[in-house]
Amino acid sequence: MTTVSDKDMIVGRFAPSPTGPLHVGSLVAALGSYLVARNAGGQWLLRMEDLDLPRVVPGIADDMMATLEKLALHWDGEVLYQSRRTEHYRAAADELQRRGLAYACGCTRSEIAQIASAPHEEGLVYPGLCRDGLPPEKVERALRVKVYDEVISFDDGIMGRYSQHLTASCGDFVIHRADGPYAYHLAVVVDDAASGVNQVVRGADLLASTPRQIYLQRIFDFPTPAYFHLPLVTGPDGAKLSKRDNAVSLAAGRDLEQEGGRLLLAALRFLGQSPPPELQGAAPAEILEWGVAHLDICAIPRTPAPFLYP
Ligand code: GLU
């Protein structure tokens, strides 16, 4: 009999931001990450990305967990709350500063906009004004990590090879705002490493953020997880789906005891899977069991599409 050592165990996760109720986009990310992890016999963790406290809606994290439970998307272990992990992000940021890899920046957005070249898809490219020291007339507004002239590439399990030249696409990026939380890129890298996450399955809106995260992993000597970016759900007209759109909220106005199975079947189809007609009317647990056993990662489409929910 062969045993799987912990070292070989796949550890995936779902990491929603509790800033609004779960919607079909997050359902796809939850289901996709669950299926890919469980299909590999792995664990599936849950992390609440509630760092940006002013944007967090009270009660939403609990609602999200209740919704996941109703859909039989049961996670392993304790839920991690980013809001309780500030000391770890601070330690990581301090280390970058100690190693001369991060610096205080006093630029305002409009100062950067005036000097930066045309905005890149990831926003303005920071032109490095404070890289050699904070000018005396400026106050620290943010901490930035230095990037160097290199291309970061990785092979995404769905989207294929993806490369980015950090200097050209974002420049030295913010890891902490003086009046705000630690940045998502820093927190996600610290938390994935702390939880032993070695498989990241999430929406393709984060594909272009991944090279920055890989860059930080390399600096900290953290392993880089396998990445799978799922196609985004669009509105019916192909436009970006809005989180505030009640029509796509899973919690509002839906009886998940009744509708959970149908929603999961629709999400499976969105992910290019072909659940058999016999599963119509089945309970969420049975549908998930089929999905885990029959997952075909190659069938997951790469392009954004509306969520068809009959
Ligand atoms: N919290 C992010 C979101 O809800 C996901 C982060 C991740 O999966 O890395 O979009």
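What counts and how
Residues numbered from 1 in each chain as written. Predicted model: local features only at pLDDT ≥ 70, side-chain atom pairs only at ≥ 80, totals over all residues. Heavy atoms only, no water. UniProt positions renumbered as here; feature names shortened; annotations may be inferred. Near = heavy atom within 4 Å. Polar contact = N/O pair within 3.5 Å; in protein donor to acceptor, adjacent residues only side chain to side chain. Areas by Shrake-Rupley, 256 points an atom, 1.4 Å probe, with all protein chains shown as cover. Pairing = 2+ DSSP bridges. Helix = DSSP H or I, 4+ residues; strand = E, 2+ residues; numbered from the N terminus. Contact = heavy atoms within 4.5 Å. Axes fitted to C-alpha atoms, helices over the stretch in contact; angles between N-to-C directions. Buried < 20%, exposed > 50% of the residue type's maximum accessible area, 1.4 Å probe, protein only. Parallel < 35°, antiparallel > 145°, perpendicular 65-115°, else oblique. Nonpolar A, V, L, I, M, F, W, Y, C, P; charged D, E, K, R; others polar. Phe/Tyr/Trp six-rings, centres within 6.5 Å; stacked < 30°, edge-to-face > 60°. Salt bridge = Lys/Arg side-chain N within 4 Å of Asp/Glu carboxyl O.

The name an unreviewed UniProt entry gives the chain is Glutamyl-Q tRNA(Asp) synthetase, with Geomonas paludis as the organism. Checking UniProt for the chain, the heading Function (unreviewed entry) contains the comment "Catalyzes the tRNA-independent activation of glutamate in presence of ATP and the subsequent transfer of glutamate onto a tRNA(Asp). Glutamate is transferred on the 2-amino-5-(4,5-dihydroxy-2-cyclopenten-1-yl) moiety of the queuosine in the wobble position of the QUC anticodon." UniProt's Sequence similarities (unreviewed entry) comment on the chain is quoted here verbatim: "Belongs to the class-I aminoacyl-tRNA synthetase family. GluQ subfamily."

Draft legend 1. Broad picture of the site of the ligand. Taken together, Arg13, Ala15, Pro16, Ser17, Glu49, Tyr184, Val188, Arg202 and Leu206 make up all the residues around the ligand. A distance of 2.7 Å separates a nitrogen atom of the ligand from a polar backbone atom of alanine 15. For the ligand, the accessible surface in isolation is 300 Å², of which the surrounding protein chains cover 80%.

Draft legend 2. Seen up close, the sheet that holds strand S2 (residues 43–48). An order of S1-S2-S3 is seen for the three strands of this open sheet, with the pairing classed as parallel. Unpaired on one side and paired on the other, strand S1 (11–14) and strand S3 (80–81) mark the two borders of the sheet. In terms of strand pairing, S1 meets S2 through four bridges, oriented parallel. Bridged to valine 11 within S2 is glutamine 43. Of the strands in this sheet, S1 and S2 touch helix H1 (residues 24–39), which is tilted by about 150° from S2.

Draft legend 3. Here's a closer look at unusual backbone geometry. Phi is positive for alanine 72, which is not a glycine, with a value near 65°. Residue classification places alanine 72 among the buried positions, given a relative accessible area of 9%. A positive phi angle is found at aspartate 221, which is not glycine, with a value near 65°. The topology assignment puts aspartate 221 in the loop between helix H7 (210–220) and strand S10 (226–230). Aspartate 221 sits in the exposed class, given a relative accessible area of 69%.

Draft legend 4. The packing of helix H3 (residues 86–98) against helix H6 (residues 184–194), seen in detail. Contact pair H3 / H6: the axes reach a minimum separation of 10 Å and the direction vectors enclose 105°. Comparing their axes, H6 and H3 come out roughly perpendicular. Here H3 contributes His88, Tyr89, Ala92, Ala93 and Leu96 to the contact with H6, which in turn contributes Leu186, Ala187, Val190 and Asp191. Along the lines of polarity and charge, the residues of the contact of H3 with H6 split into seven nonpolar, one polar and one charged.

Draft legend 5. Representation of H7 in the model. H7 sits mainly inside the fold: 10 of its 11 residues count as buried. Those residues of H7 not exposed but buried are Thr210, Pro211, Arg212, Gln213, Ile214, Tyr215, Leu216, Gln217, Ile219 and Phe220. One or two residues past the end of H7 sits aspartate 221, with phi positive at roughly 65°.

Draft legend 6. Quick look at the packing of aromatic side chains. Enumeration over the complete set of coordinates arrives at nine aromatic pairs. A centroid spacing of 5.9 Å and a plane angle of 55° characterise the contact between phenylalanine 154 and tyrosine 162, whose relative ring orientation is tilted. Exposure class is identical for phenylalanine 154 and tyrosine 162. Each is buried. A centroid spacing of 6.5 Å and a plane angle of 35° characterise the contact between phenylalanine 307 and tyrosine 309, whose relative ring orientation is tilted.

Draft legend 7. Quick look at the sheet that holds strand S4 (residues 102–105). One open sheet holds the three strands; their spatial order is S4-S5-S8, and the pairing between them is antiparallel. The sheet is open, and its two borders are formed by S4 and strand S8 (173–177), each paired with just one other strand. Recorded for the sheet is a direction-independent mean angle of 35° between the axes of neighbouring strands. With four bridges joining them, strand S5 (residues 142–145) and S8 adopt antiparallel strand pairing. Bridged to leucine 143 within S8 is histidine 176.

Draft legend 8. A look at the pattern of salt bridges. Going through the model one piece at a time under the given rule, you end up with 11 salt bridges. In this structure, arginine 55 and aspartate 52 form a salt bridge, with 3.7 Å as the shortest nitrogen-oxygen distance. For arginine 55, a relative accessible area of 51% puts it in the exposed group. One salt bridge connects aspartate 155 with arginine 161, and the closest N-O pair in it is separated by 3.0 Å. Each of Arg13, Arg47, Glu49, Arg85, Asp191 and Asp192 takes part in one network of salt bridges that share partners.

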